[in-house]
Every structure is written in C-alpha cells, then in structure tokens.
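# Residue-level structure breakdown
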Amino acid sequence: MKKFLSLVLALAMVFSLAACGGNGDTPASNPPADNSQAPSQNAGEPAAFTPVTYDYEAIYNETLGEFYDIYMKAKEAVDVNERWALMAVAEAKLLETGAVSLTNCRGGNYAMSRVVNRTVTGVKFGNDSDRSHQAVVCNEFIRSEDQTALRALWNELAGTGTYLQAAKDYVTEKGYTIRDTYGYTYVTEPTTWDMFATSQQTDTEPVVQTYEGLMEYDCENVMQPAMATEMTMSEDGLTYTFKIREGQVWVDNQGRKVADVKADDWVAGMQHLLDAKGGLQSLLFGIIVNAQQYSNGEITDFAEVGVKALDDYTLEYTLEAPCAYFPTMLGYSLFAPLSREFYESRGGKFGVDYKPDDASYTYGKGPENIAYSGPYLCTSATDHNSIIYKANDSYWNPDNVSCKNLIWYYDDGSDSAKRFQDAMSGTTNGLGLTSEVLEMARNEMTDIPREDPQEGESEFLSYFDAYHYISATDSTTFMGFYNLARMAFANFDDPSRMVSTQEHGSVDAIDLDAGVFTTDIEDTAARTHVAMNNQNFRLALTFALDRGAWNSVRYGEELKYSNLLNTIVPGDFSILQGDVTIDINGNSHSFPAGTNYGEIVQAALTEFGVNAKVWDEELANSSGFDGWFNVDEAKAYMDKAVEELAAQGVEVSAENPIEIDYCFASEVEVFNNQAHVLEQCMNDAFGGKVKVNLVGGSQDDASSAAYQPTNGFDMNHDLSHQSGWGPDYGDPATWLDCFLPYGDGFMCKSLGLWEG
C-alpha cells in the first residue's frame, strides 16, 4: 500500500508538479478475531475496568457497522453510477461516526523549484507519480511566470505526446540550462527493499525507481506501454493478456545481468506478494481469481490463482468479475515483476516454504539484494544520510530518462535553515515554502531588478517574489485517528523513549517488549476509552479543531485553506456518467449525470443531520475550505456526550476531564506548533472538560508510536495525525476499503482495531 503515507514524510515532499490500497469488491471475510494479545472490553462499557481482551467486532459494529452495510450494498451494485452514489452515502455515514477527522492533502503550498512543471505524471493513484525518470530539472530556479506558462502549455498539449519535448524547448529558449541530477529529501528510512512485503510508502517509493511495470502513466497522464508492448481484454471482460517486451534483462545494483525478463516474473511477483502478506495482498481479493483463497490458505496450489505465463513473453490475468478500473491498477506495485531466479538466489522461496526469518533469506535486505529492470540502479543507501541512484544502462528506453542521477538526502525535519540553504545551493531541487522557511525566501534577495519599485521596496526581487508558485494538490487524504481500543502505553519500538503522560492509576505489569499492557489500568485510561467510544464525543473533538489555524502554522495564513480536505475521497474524483436514484436514510434522492461524488456526500450528510459543509458549488470541489470547524456544533455534541457518559457512570467536567494523549514529532517545529493549536482549540471549546496531553518525541518516536505499527494493539495514542492514505486505482473503493473489518481494512489499525 504505497499510499499509506506518513505525515512526516509529506514534509519532505515539498513541491508538486502535477498518492496503499484497500481490497477488491469482495465483502470482508468474517473469521473469528484473534484477540489473544489484546486487553478487552465491549464497546460502551463504563469506566474502571479490568482489560483482558477487547471485542474488536463489537466496537467495529457499534461504530462502523452502518457504514459497512451501505458500503457492501455499493460494492454489489452492477451499475457504476449506483456504485459510486452508494459509496458516497457510505462515506457520509463513516464521517458521521466521527471515527476520523480530516485534515489536509499534500501540496497547495508556496514552493520554489528547479523541476519543470508537469514533467512528472499527475495521475492521482498508483505509484507512477513517485517515478522520477521523466522529470526535467534545471540548474536555475524557474521563474513564477514561467511556471504559469508551463502549466498553460501542458493544458494545451496534454494527450498529444509532445509536452515533454515542448517543455524542454521552452525552458531552453528562456535561458535555463538542464541538469542531469535530481536531488531531493526524504525523512524516513525504508525498513525493507522488498516492496512486495510492505504496505508503507516509505518502503515502496525508493524501490519504484528500480523496476518497470507492465504499463505506465506518462507526464501527460496517458497510460503507455512499458514492459508490456500491448494489452488486450477478452469480450467478457474477465481475461487480460499482455505481450512482454522481448530482449530485456534483470541486473544487480552494479549493472551486471542476472536474468532475462520473462512473463513468469509477474507470476513470481504476485505469488511472493500473497506469501509475504505485507498488506498489499488484499487489493487483489475479489479481483484476481483465487487470490484471496490462496492468501487465506484455502488453496495451496498457486497454479489455481488467476495469473499465468502462457509462454516466455505472454502473460494472462483472469478476473473474478469484470472490473472497469482494473487497468488503473497496473501502475501500482502489486502488479510489479519479481525475478524468480534472483529471488531464489537470495534464499527466497514460495508457498509454505516461504520463511523470511531464515538466516539464508537476504532478499530485500538492502539495495544490493534486489534485481533491477527499471530506469535506475541504487548504488548506495546509507541510513540517515543518503540514497543514491544512477541510470540503468540496460533499461530499454534510455531516451525517456531525463535525469541520469537521483540523490535523496536525509532530512529529519528539525533544521529548516539547512533545508532552505540546500535548496538555494542546488543540492536539492526545490522546497515548499512552509511557514518556517517562507520568511527566509522573502528576505533573501536575487539579482533580478524589480520593475518600478515603490518607496520602501528593495530594488531587487526576493527569491519569493521571483520564483514562488502554489504547488498542485494531490489526492492524499491525511486524517486524525481516534483510538477506539488503545492497548499500548509505551513506544513499541523503544519503550524507554515515549510513554504516555496520562496518570493511569495502578499498572500492575506492562509488557514493554510488546508495548502493550497486560493487567489493570484504571481511572484515566478507562474513562478515555469509554469517551473515545462515544460518537458525540468524537464529533465534538472534530468540530472543535480550527483546521485553518492548525494548517496556517505550516503553510502560512494566506494558504491555510489551500489543501484542507472535507471528504475522504476527493469530491471530484468520480463523476456520475448517468442518472441514478438511490435511498438515503429512507428517502429517495435522484442525481443526474455529471453529479460529482462530493455533492452526493453532502446530500447524505445533510440527510443524516450532520451540519458540515463538504462540497462547495462555486469551487466545484470538496477541498480548499474548512467545512468542519464549528465551535457551536462542538459544544452541542459535547453536551450530548457528557449526558450519555454520565449515564454510563463517567463524569466529565473541568474538575474531572477526559484526558487524551496526542502523539506527535515535537522536534519538528511545525508539528510542535500544530499540537499546541490542537490543545488550545480543545481548551477554548470545552472549558477544561478535555485535557490534551502533548506526548512529544523524535520523528522516529512518533512514527513508531502511530505510523509504523502493523497491529491496532501497538498504536500508542488516543489521537494522532501521523498518517494518511492515497489512492491505488481509479475508484472510490481504494480509500473506503481501508475501513473494512477483520483486518481487511488497512486503516482500522490506526483506530486500534485488528491488523493492517
């Protein structure tokens, strides 16, 4: 799931020139939950409890059960318009629960860049937007007016196949010089180079540069042949056949040939994906024949799975049912190839023999332990320092590699001055002018004369004046997650580094290695648990956060609304192709062709009685404004919550507040300031009824507590804004599948439920 994103990671993705997955259309399976490691309590049980095991199913059904029912109806719909309309209603029901609170997407900030606008694909799903080989980079920052002109040029030429060359010609004619090295920053070390065995973008993004998929979206957002020269679909829509490009080779990270590229590499890749169970596998459930059955162990013969190498250069996928968005999935890493020969040379095995903990298993342990078929070889990766790539001389399309070298520089986010200076010196090729560097750009002068300077103005333009532009927003959805079943009270990665500031009463034993408590935790933690399982309490917190103020400390007052989100799925992501009539809350609603997804979410929320604005008719969008902040609504929801909690024996008052541990990277100034905005908003709205405990730590601490855990019971927070999600393919299900139960929904782990 390439698009399970760390918010800290987004700090490094500072400029945009243009988003991991849910699962397919099969309803979630219903195995008994294995909660043996978790302390338990039925949803809504009163305070002062002795946890033994949480009943995840009960908590999920109480909180998200109605969402699930509507969503399953949507996935059963044959007509795509009914499907999308019902998915919008399901999302509205999810938002009504208050289980998540939306914040922002990436982009929408002031930026300066040497990268030519729109030379990286702007497609908002899959992995292709992470690919760097088409990026055109100049030695000079690109002037603001030229960024605008390049956007207009792209709008004119998109779809013609001529923009990339036209953009190069434009910047050359304007006096810019093109360089062959692309330098930018990263903030989180990859934990593996085996992209099949992970679900985190911090792992997949470095590997995306090293392989070639079947098809690829170009910088004009058009799908092009890549390692497949052609794709055909059967008349019934169930079989897709690909012709693999002949004569291509796998090499090691020194460029030495290790194998030929063959159709079987995609068979090996899918089997390893299903064996490794890194989180990606559920994307194939309900899509590829028998993928779910093989993953669940119901069948053991991989030959029964719907992927076959018909010969060395013919690959076939068989689908369980026609899937209109299947081709959009091909640009994602779950359809990547794996050199079977190289994998086995590094101790890799398949099926029941797959044992990644064996001493002989070294595949993916570093860049020297993967094979390469793509534009770049990773020649060096030094922790907390740099990752270095060079062009792959064996790559089939060298003319399509604009930058011959990539250098990623580690940035822990703590030194904004260094980030600014690295961009100024050309070490990195751009940066987002977030609040901590904006004034630096305004105070640093260029040698470009200002036309007609006014009294008090410098005769030269500042770097901001000369080079700033507003970066494009993407389709990543960052969210705050309320932990409905918190069990961890010490950092699971290093328990000594981050421990909750709550006063938990008696704790007879804490299993620090597992990061979970195993016996009585009373009073504060118990009261917080009950409050977190109260819908009105969660909605009160959501409506209380002034997201504009929260965002302004990062992007500045001028752009505080520019990338704020109000829906999980972007409101303009899906547009009805025909008329449809559906039921919402017992009432019939008709929507004509051309209706945006976000309009239906708005209609449903209104029907449900939630006073939030999630669609703006004038903007024709669900982002760019704050439709959730409303102190009066927050107070009304809190009054209801206080009354309901009192009936459960939980008093909530300024003298006896509900305490919430908020986990964040305090060493990063932006996140530290945002945490204090959150704290102040809760104080202002509730007069002390909610106490926010600011649990700060290093970037690694925060990531370990609320981003990297693979299980809900390792999530060490009551509320966190550590992660988000971006789409894997072109359908709203790519977001909403994240909230399926029983471990099928990846983001449920951030709610403290199941595994991800």
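Residues numbered from 1 in each chain as written. Predicted model: local features only at pLDDT ≥ 70, side-chain atom pairs only at ≥ 80, totals over all residues. Heavy atoms only, no water.

### A few points about the overall build of the protein
Which entries qualify depends on this criterion: Every helix listed is a DSSP run of H or I at least four residues long, and every strand listed is a run of E at least two residues long, numbered separately from the N terminus. Throughout this description, buried means an accessible area under 20% of the type-specific maximum (1.4 Å probe, protein chains only), exposed means over 50%, and partly exposed covers the range between. Values of accessible area rely on a 1.4 Å probe in the Shrake-Rupley scheme; residue burial ignores everything except the protein chains shown.
Scanning the protein for helices and strands turns up 20 helices and 29 strands. Every one of the 756 residues in the protein was classed for burial, and the buried ones make up 63%. Accessible surface computed for the protein: about 26100 Å², of which carbon and sulfur atoms make up 45%.

### A few points about the packing of aromatic side chains
Applicable threshold: Pairing of aromatic side chains here covers Phe, Tyr and the six-membered ring of Trp, requires ring centres within 6.5 Å, and sorts the geometry by plane angle: under 30 degrees stacked, over 60 edge-to-face, intermediate tilted. Both a distance and an angle decide whether a charge sits over a ring: NZ of Lys or CZ of Arg must be within 6 Å of the ring centre and within 35 degrees of the ring normal.
One pass over the structure, following the stated rule, counts 33 aromatic pairs. Relative to Y467, the ring of F141 lies with its centre 5.5 Å away and its plane at 40°, an arrangement referred to as tilted. Here F141 is found in the loop between β4 (137-138) and α4 (144-157), whereas its partner Y467 is found in helix α12 (residues 463-467), with 326 residues between them in sequence. For the pair F141 and Y467, a shared accessibility class is recorded, and that class is buried. An angle of 65° between the planes, with centres 6.4 Å apart, marks the rings of Y376 and Y389 as edge-to-face. Here Y376 is found in strand β15 (residues 376-382), whereas its partner Y389 is found in strand β16 (residues 386-391), with 13 residues between them in sequence. By relative accessible area, Y389 is classed as buried at 1%. What links up through ring pairs into an aromatic cluster is the set Y182, Y184, Y186, Y376, Y389, W408 and Y410. In this arrangement the basic side chain of R131 is found over the ring face of Y211, its NZ or CZ atom lying 4.9 Å from the centre.

### A look at α4
Stated precisely, the cut-off is as follows: Here the expected length of a helix is defined as 1.5 Å per residue gap, with one fewer gap than residues. Here, residues are in contact when the closest pair of their heavy atoms is within 4.5 Å.
Compared with the 20 Å implied by 1.5 Å per residue over 14 residues, the 20 Å span of α4 between its first and last C-alpha is a close match. Listing the buried residues of α4 in full gives S144, D146, Q147, L150, L153, W154 and L157. Tucked inside the fold, the buried residues of α4 contact β3 (110-113), α5 (163-173), α12 and β21 (469-470).

### Observations regarding the packing of α4 against α5
Quick reminder of the rule: To obtain each axis, a line is fitted to C-alpha atoms, and for helices this fit is confined to the stretch in contact; angles are then taken between N-to-C directions over 0 to 180 degrees. Roughly parallel means an angle under 35 degrees; roughly antiparallel means over 145; roughly perpendicular covers 65 to 115; every other angle is labelled oblique. Crossings are assigned a handedness: left-handed for a near helix turned anticlockwise from the far helix by less than a right angle, right-handed for a clockwise turn.
Between α4 and α5, whose axes approach to 10 Å, the crossing angle comes to 155°. By the angle class used here, α4 and α5 are roughly antiparallel. α5 is crossed by α4, and the crossing has right-handed handedness. Side by side, α4 and α5 meet where D146, A149, L150, L153, W154 and L157 of the first sit next to Y163, A166, A167, Y170 and V171 of the second.

### Remarks on helix α2 (residues 56-76)
Threshold: Take the seven residues that end at a residue and the seven that start at it, fit an axis to each, and the angle between those axes is the bend at that residue.
Under the 1.5 Å per step criterion, the end-to-end length of α2 is only 25 Å for 21 residues, more than 12% shorter than the ideal 30 Å. At L64, α2 shows its largest bend, some 75°.

### Remarks on the nonpolar core
Rules: Only buried residues count toward a nonpolar core, which is a set of Ala, Val, Leu, Ile, Met, Phe, Trp, Tyr and Cys residues joined through side-chain atoms within 4.5 Å.
By size, the foremost hydrophobic cluster in this structure holds 176 residues, and its most contacted members are I288, Y317, F326 and F739. Leave out the neighbours within four places in its chain, and F326 touches Y240, I287, I288, Y317, L319 and F335. Core analysis: the second largest hydrophobic core is formed by 19 residues, I448, L461, Y463 and A466 among them.

### Comments concerning the confidence of the model for the protein
This is how it is decided: For every residue, the predictor assigns a confidence score, pLDDT, that lies between 0 and 100.
For the protein, the mean per-residue pLDDT works out to 88, and 88% of the residues sit at or above 70. Confidence over residues 6-52 falls short of pLDDT 50; this stretch has 192 contacts with residues more than four positions distant or in other chains. Within the model, pLDDT remains below 50 along residues 494-522, and this stretch shows 84 contacts once partners closer than five positions in the same chain are excluded.

### Overview of the pattern of salt bridges
What counts, and what does not: Each reported salt bridge corresponds to a side-chain nitrogen of Lys or Arg within 4 Å of a carboxyl oxygen of Asp or Glu.
Under the criterion given, the structure shown has 22 salt bridges. E96 is paired through a salt bridge with K93; the nearest N and O atoms lie 2.8 Å apart. With E96 and K93 both in helix α3 (residues 80-97) and three residues apart, this pair spans about one turn of that helix. On the accessibility criterion, E96 (15% relative accessible area) is buried. One salt-bridge network, in which partners are shared between bridges, spans E66, K93 and E96.

### Looking at the sheet that holds strand β9 (residues 228-233)
Test applied: The rule for pairing is simple: two strands pair if DSSP sees at least two bridges between them.
Taken together, four strands build an open sheet; the order of strands is β9-β10-β14-β13 and the sheet is antiparallel. In this open sheet, the two strands that pair with only one neighbour each are β9 and β13 (307-311). Strand-to-strand twist in this sheet, taken as the mean axis angle between neighbours without regard to direction, amounts to 20°. Judged from the five bridges that link them, β9 and strand β10 (residues 239-244) form a sheet pairing that is antiparallel. Note that in β10 the partner of A228 across the bridge is I244. Lying on the sheet, helix α7 (residues 264-276) is in contact with β10, β13 and β14 (314-318); it crosses β13 at an angle near 160°.

### Structural notes on the environment of N585
This is how the line gets drawn: Side-chain atoms alone can form a polar contact between residues adjacent in sequence; in general such a contact is a pair of N or O atoms within 3.5 Å, and within protein one must be able to donate a hydrogen while the other accepts it.
With respect to the element layout, N585 can be found in the loop between β25 (580-584) and β26 (587-591). On the basis of relative accessible area, N585 is assigned to the partly exposed category, the value being 49%. Taking the C-alpha atoms as reference, N585 lies 7.0 Å from F608; in sequence the two are 23 residues apart. Residues contacting N585, with those up to four places away along its chain left out, are E607 and F608. A distance of 3.4 Å separates a polar atom in the side chain of N585 from the backbone oxygen of E607.

### Side note on the packing of α3 against helix α14 (residues 535-544)
For the pair α3 and α14, interaxial distance at closest approach is 8 Å and the crossing angle is 90°. Here α3 is positioned roughly perpendicular relative to α14, judged by the angle of their axes. Taken together, the residues of α14 that come into contact with α3 (itself represented by L95, E96 and T97) are Q535, R538 and L539.

### Section: the sheet that holds β16
Pairing is mixed across the open sheet formed by four strands, whose spatial order is β6-β17-β16-β15. The sheet is open, and its two edges are formed by β6 (181-186) and β15, each paired on a single side. Across the sheet, the axes of successive neighbouring strands diverge by a mean angle of 15°, strand direction being ignored. As defined by bridge partners, β6 adjoins strand β17 (residues 405-410) across six bridges and the pair is classed as parallel. Residue pairing in the sheet places G183 in a bridge with I407 of β17.

### A few points about the environment of G65
One can find G65 in helix α2. Exposure remark for G65: the relative accessible area of 13% places this residue in the buried category. For the pair G65 and L740, spaced 675 residues apart in sequence, the C-alpha to C-alpha distance is 9.7 Å.

### Observations concerning the pairing of strand β22 (residues 477-482)
Burial runs high along β22: six of the six residues are buried. Burial along β22 is two-sided: the residues T477, M479 and F481 and F478, G480 and Y482 are all buried. Across three bridges, strand β2 (residues 100-102) lies against β22 in antiparallel orientation. Note that in β22 the partner of V100 across the bridge is F481. Sheet topology places β22 next to strand β29 (residues 719-725); five bridges connect them, and they run antiparallel. From the neighbouring strand, F478 faces β29, where its bridge partner is G724.

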